[in-house]
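# Structural features, examined
One-letter residues, chain by chain:
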Amino acid sequence: MGLTVLLVDDSLFMRNMLRGILEGEGYEIVAEAVDGMDAVRKYREFRPDVTTMDIVMPVKNGIEALREIRILDAKACVVMCSAVGQESLVNAAHEAGACDFIIKPFNPERVREVIKRVAGA
Amino acid sequence: MKASSRGLLVFTLQGERYGLSLQDVLEVIDPSRPVPVPRAPEFIRGVINVHGSLVTILDLARLLACGEAAPAGKFLVLDRRIANLALWVDSVEGFVAEEGELGTDSPADELIAREVRSGTGTIRILALDRIVNRVEETLKR
Amino acid sequence: MDMSPYRDLFISESREHLRAVSELIVKVEQEAGSRKDMDALFRAAHSLKGMAASMGYGEIAELSHRIEDLMDRVRKEELVFDAGIADLLLEGADLLEVMITDVANEVQAVRDIGDLVQRLVAYRPATGTAGTADGGDVAGGAPSDRQSPADLLHGEPDRHGDASQTVRVRTEVLDHLINITGELITNKHRLMTVGKELASQPLDEATVELSRLLRDLHTEVLLVRLIPFSTIADRFPRVVRDLAKKVGKEVVFEVDGKGIELDRGILEGLSDPLTHILRNAVDHGLELPDERRACGKPLHGRIRLAARREKDQVVVVVEDDGRGMDPALLIASAIEKRLVSPEAGRLMSAREAFMLTCIPGFSTAREVTDVSGRGVGMDAVRSTIQTLGGNLTIESELGKGSRFILRLPLTIAIINVLLVRLARVALAIPITSVQRTVELRRDLIYSRGKQKVFDFDGEALPLLSLNRILGLPHSHAGELLPLFVSELKGRRVGLVVDEFIGQQEIFVKPLGRPLASMKGLGGGAVLGNGEVVFILDVANVL
């Protein structure tokens, strides 16, 4: 059975792209969330193996959502998706307990590699 | 503005009746011993802790130069937007709806905004802004 | 990767973002847009950039990126959202719309974005030079027509009419948060007092645990309030450059420690004092090029502004390599102005002489120039710093330069105090105002003129009764006189009290109107036992 994934991004375009890449690898996308608050709610409901988390989102940003998810589940595996030039956010995410990073725009190879690695860990 | 639509809190001081707009009073509490403020004029009786805020106690009788507050009186804590101040008064008589009968004679004391007839007597309505200003001016010296 | 399946979605979602962008720009410009709207604008540009980059539309990504950057500067309050920004953003949104239509029509059009990108990158507010061009306008203060970020954060009356509204709410929430935390700490002290009386092991353990949690909470709350020094420091190069130009001096200005974080309330308060010190350094500290050449110094004067963290304090230093100050001249000038007596002047150390510059009525300027001759002087600088719970020291060497050292607490709301008792009143003295506590044997007191003095660090310090200063009964009966050494009007003195109660952290509460107008009081606090104490503003107590 494939690993379960929660996709968090306010852009449907981005979610679809990620879905395309990950489903091609046999992962099961159990849910999608459109902002940080939605992400925490969906995480609580679905307990996915891996969460991909956009950083810049309305309502609650990805780093705040990451912190809350880590409080819910200290072992949560969350991969942050950040744009080039957001190094300071990457640091904050690292401190908040992110498992790994994918830099946007998505390079499908890199996405596969990162998800495979964190899922295997 | 319709004067008759406002409620007044009526209190006594040295046998005289005074009033304040109900909106200007946050609460009425029993006196506690204020911590004296070094070097303050004698109408500042000190500071008390009201729900975590520091509130200065003003002895209204001393300010109006008509004696001093009765120990068994009341503290009228003013709305914070006006000042961090509570007035030490002798007793609280109650609330009255301010009727349309505004006093027309301009009071001699500038700390009194106006006088309102009520029943057999008059109620002196305090000019709170001028009171706070005067206290502030005195403290700056 | 084949992106064609995502093309339609890209087009529709991009257009959604562009529509939102146009609406938001107009909204922000016309009706005092909120922080939320600014964030939404930023996010829209950010999303667009990410999508375009994924699709491989480099120019759309580039243009979105520049719009995002400009919005980020607005969000960080480096820029105020004005008509110029609105125009640029709308132009950008229009061009993006055209480019996305090209994508939709599968047209390989060449759109020149270079010019617009250039203008987005180089954008400066049109009014940006008005305040600094006229030096007299800004002496001792932040330029009045350019709001400091701190002003925006604290919602001061805002000439631009927008941008500050919801930001102020955010700051209030932060202030509220720290207030509640302070209350909790006060309550913890109360619990500990009760615990001591009850001598209950489980209660003690619970309060110890509570203490630990509160400390964590306090730290977290403070972290939220921290903003980097660069928030204000980034404005200073311009201040220094403009003034140097005006007075015909050449200055190399360096800033270190921009990343050091301070409480936003303190940073806000620091802006004016630092501006004043820097302007003084340019105007009076540094020599004219000719004079420097004559002394064999490099023609360029050097001014350095540095912030660093030292334990629970932030130290901000302004140093110049200018002419320095002459203690003898300062003392002579103070005597001439009748600010000190000739006798007191004779006893003054160099350190005390430098602090004379902070006495109201004293100005080191030989002639009043239009830049530093305004009412705001070093006395205001020092008093502001002390209000922030910090202190100021000045070091100077004739011919070599001066150094102004500001020590500030990391947080403004909770300070460390020495609790003392005078007659029946408990008073809190900020630790920053206490150089040393001493329990003095009476036989070590001697007279110098009319003054009772004692020897301290090789200096004869005057002894003053704090009771007497505050108009309280004074007995000072004990064998040992408890006193603390502090600075009054630039002079070190020993202030005698009746009793030391101890050192404690207190949560500062404002006295509010009207009591805050009283000189010498810096606020109040509620102790663990519920007792109210006043915080002494030592510098202004005389």
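For the structure, check the block above.
Attention here is on the structure that accompanies the text. (Residues numbered from 1 in each chain as written. Chains lettered and ligands numbered in written order. Predicted model: local features only at pLDDT ≥ 70, side-chain atom pairs only at ≥ 80, totals over all residues. Heavy atoms only, no water.)

Before going further, it helps to examine the overall build of chain B. Looking only at helices and strands, chain B has two helices and ten strands in total. Residue burial in chain B is summarised as follows: out of 141 residues, 46% are buried. Across chain B, the fraction of contacts at a sequence separation of at least 24, relative to all contacts at a separation of at least 6, is 54%. Accessible area of chain B: about 6,900 Å², with a carbon and sulfur share of 47%. (Helix = DSSP H or I, 4+ residues; strand = E, 2+ residues; numbered from the N terminus. Buried < 20%, exposed > 50% of the residue type's maximum accessible area, 1.4 Å probe, protein only. Contact = heavy atoms within 4.5 Å. Areas by Shrake-Rupley, 256 points an atom, 1.4 Å probe, with all protein chains shown as cover.)

Attention now goes to the sheet that holds strand E2 (residues 16-21) of chain B. Residues and elements named next belong to chain B. If you walk across this open sheet you meet the five strands as E8-E1-E2-E10-E9, and the pairing is mixed. A single partner strand is all that each edge strand has here, and the edge strands are strand E8 (91-97) and strand E9 (112-118). On average, each strand axis in the sheet is inclined to that of its neighbour by 35°, with strand direction left out of account. (Pairing = 2+ DSSP bridges. Axes fitted to C-alpha atoms, helices over the stretch in contact; angles between N-to-C directions.)

On to the packing of helix H2 (residues 35-55) of chain C against helix H3 (residues 58-75) of chain C, then. Residue and element names in this part refer to chain C. Direction vectors running N to C along H2 and H3 enclose 155°, while the axes themselves pass 8 Å from each other. As the angle between them shows, H2 and H3 are arranged roughly antiparallel. Here the hand of the crossing between H2 and H3 comes out left-handed. Note on element contacts: H3 touches H2 through Ile60, Ala61, Ser64, His65, Ile67, Glu68, Met71, Asp72, Val74 and Arg75, opposite Arg35, Met38, Asp39, Leu41, Phe42, Ala45, His46, Leu48, Lys49, Ala52 and Ala53. Along the lines of polarity and charge, the residues of the contact of H2 with H3 split into twelve nonpolar, three polar and six charged. (Parallel < 35°, antiparallel > 145°, perpendicular 65-115°, else oblique. Left-handed = near helix turned anticlockwise from the far one by under 90°. Nonpolar A, V, L, I, M, F, W, Y, C, P; charged D, E, K, R; others polar.)

All right, on to the packing of H3 of chain C against helix H5 (residues 114-121) of chain C then. Residues and elements named next belong to chain C. It is the contact of H3 with H5, at a shortest axis distance of 9 Å, that shows an interaxial angle of 15°. With respect to their mutual orientation, H3 and H5 come out roughly parallel. Here H3 and H5 pass one another in a crossing that is left-handed. For the pair H3 and H5, contact is made by Glu62, Leu63, Arg66, Ile67, Leu70 and Arg73 and by Leu116, Val117, Leu120 and Val121, respectively.

Taken together, the contacts link 18 residues of chain A with 16 residues of chain C. Taking both sides of the interface into account, the surface hidden between chain A and chain C amounts to around 1,400 Å²; carbon and sulfur atoms contribute 73%. If you sort the residues of chain A by the area they bury against chain C, Phe13, Met17 and Val56 of chain A come out on top, with a joint share of 40%. Remark: the boundary between chain A and chain C carries zero salt bridges. Taken together, chain A and chain C are joined by three residue pairs in polar contact (both at pLDDT 80 or more). When residues of the side of chain A that touches chain C are assigned to their parent elements, the largest contribution, seven residues, is made by helix H1 (residues 12-24) of chain A. Partitioned by chemical class, the residues of the side of chain A that touches chain C number 13 nonpolar, four polar and one charged. (Buried area = accessible area lost by both parts, 1.4 Å probe. Salt bridge = Lys/Arg side-chain N within 4 Å of Asp/Glu carboxyl O. Polar contact = N/O pair within 3.5 Å; in protein donor to acceptor, adjacent residues only side chain to side chain.)

The subject of this paragraph is helix H5 (residues 108-120) of chain A. In this model, H5 of chain A (13 residues) spans 18 Å end to end at C-alpha, consistent with the 18 Å of a helix rising 1.5 Å per residue. In this fold, the buried residues of H5 of chain A make contact with H1, strand E3 (50-54), strand E4 (78-83) and strand E5 (100-104) of chain A. (Expected span 1.5 Å × (residues − 1).)

Taken together, the contact between chain C and chain B spans 24 residues of the former and 22 residues of the latter. Summing both sides of the interface, chain C and chain B together bury roughly 2,000 Å²; the carbon and sulfur share of this comes to 64%. Of all residues in chain C, Arg513, Pro514 and Met518 of chain C give up the largest surface area on contact with chain B, accounting jointly for 33% of the area buried on that side. Inspection of the chain C/chain B interface yields one salt bridge. The partner of glutamate 136 of chain B in a salt bridge is arginine 513 of chain C, with the nearest N and O atoms 3.1 Å apart. Listed by contribution, the elements that provide at least two residues to the side of chain C that touches chain B are helix H8 (165-198), strand E17 (521-526) and strand E18 (532-536) of chain C. When residues in the side of chain C that touches chain B are grouped by element, the largest group, four residues, is from E17 of chain C. Among the residues forming the side of chain C that touches chain B, the class breakdown is 13 nonpolar, six polar and five charged.

A few words now on the environment of aspartate 272 of chain C. Relative to the helices and strands, aspartate 272 of chain C is located in helix H12 (residues 264-285). Linking aspartate 272 of chain C and isoleucine 232 of chain C, residues 40 residues apart in sequence, is a C-alpha distance of 9.9 Å.

Turning our attention to the pairing of strand E9 (residues 425-430) of chain C. In the case of a regular strand, side chains alternate between the two sheet surfaces. All names here are of chain C. Summarising burial for E9: six of the six residues are buried, a large majority. Residues Val425, Leu427 and Ile429 point to one face of E9 and Ala426, Ala428 and Pro430 to the other, with burial holding for every one of them. The pairing of E9 with E18 spans two bridges and is classified as parallel. Paired with leucine 427 across the two strands is phenylalanine 534, which belongs to E18.

Looking now at the pattern of salt bridges. What the rule picks out here adds up to 54 salt bridges over all chains. Aspartate 38 of chain A is the salt-bridge partner of arginine 41 of chain A, the closest N and O atoms lying 3.4 Å from each other. Taken as a pair, arginine 41 of chain A and aspartate 38 of chain A lie in helix H2 (residues 36-46) at a separation of three residues, close to a single helical turn. Classification of aspartate 38 of chain A by relative accessible area gives buried; the value is 9%. Note that lysine 258 of chain C and aspartate 234 of chain C form a salt bridge whose closest N and O atoms lie 3.1 Å from each other. On the criterion of sequence distance, the pair formed by lysine 258 of chain C in the loop between strand E2 (251-256) and strand E3 (261-263) and aspartate 234 of chain C in the loop between helix H10 (230-233) and helix H11 (236-247) is long-range, its members being 24 residues apart. Here the residues in one salt-bridge network are Asp256, Arg304, Glu319, Glu395 and Arg403 of chain C, joined through shared partners.

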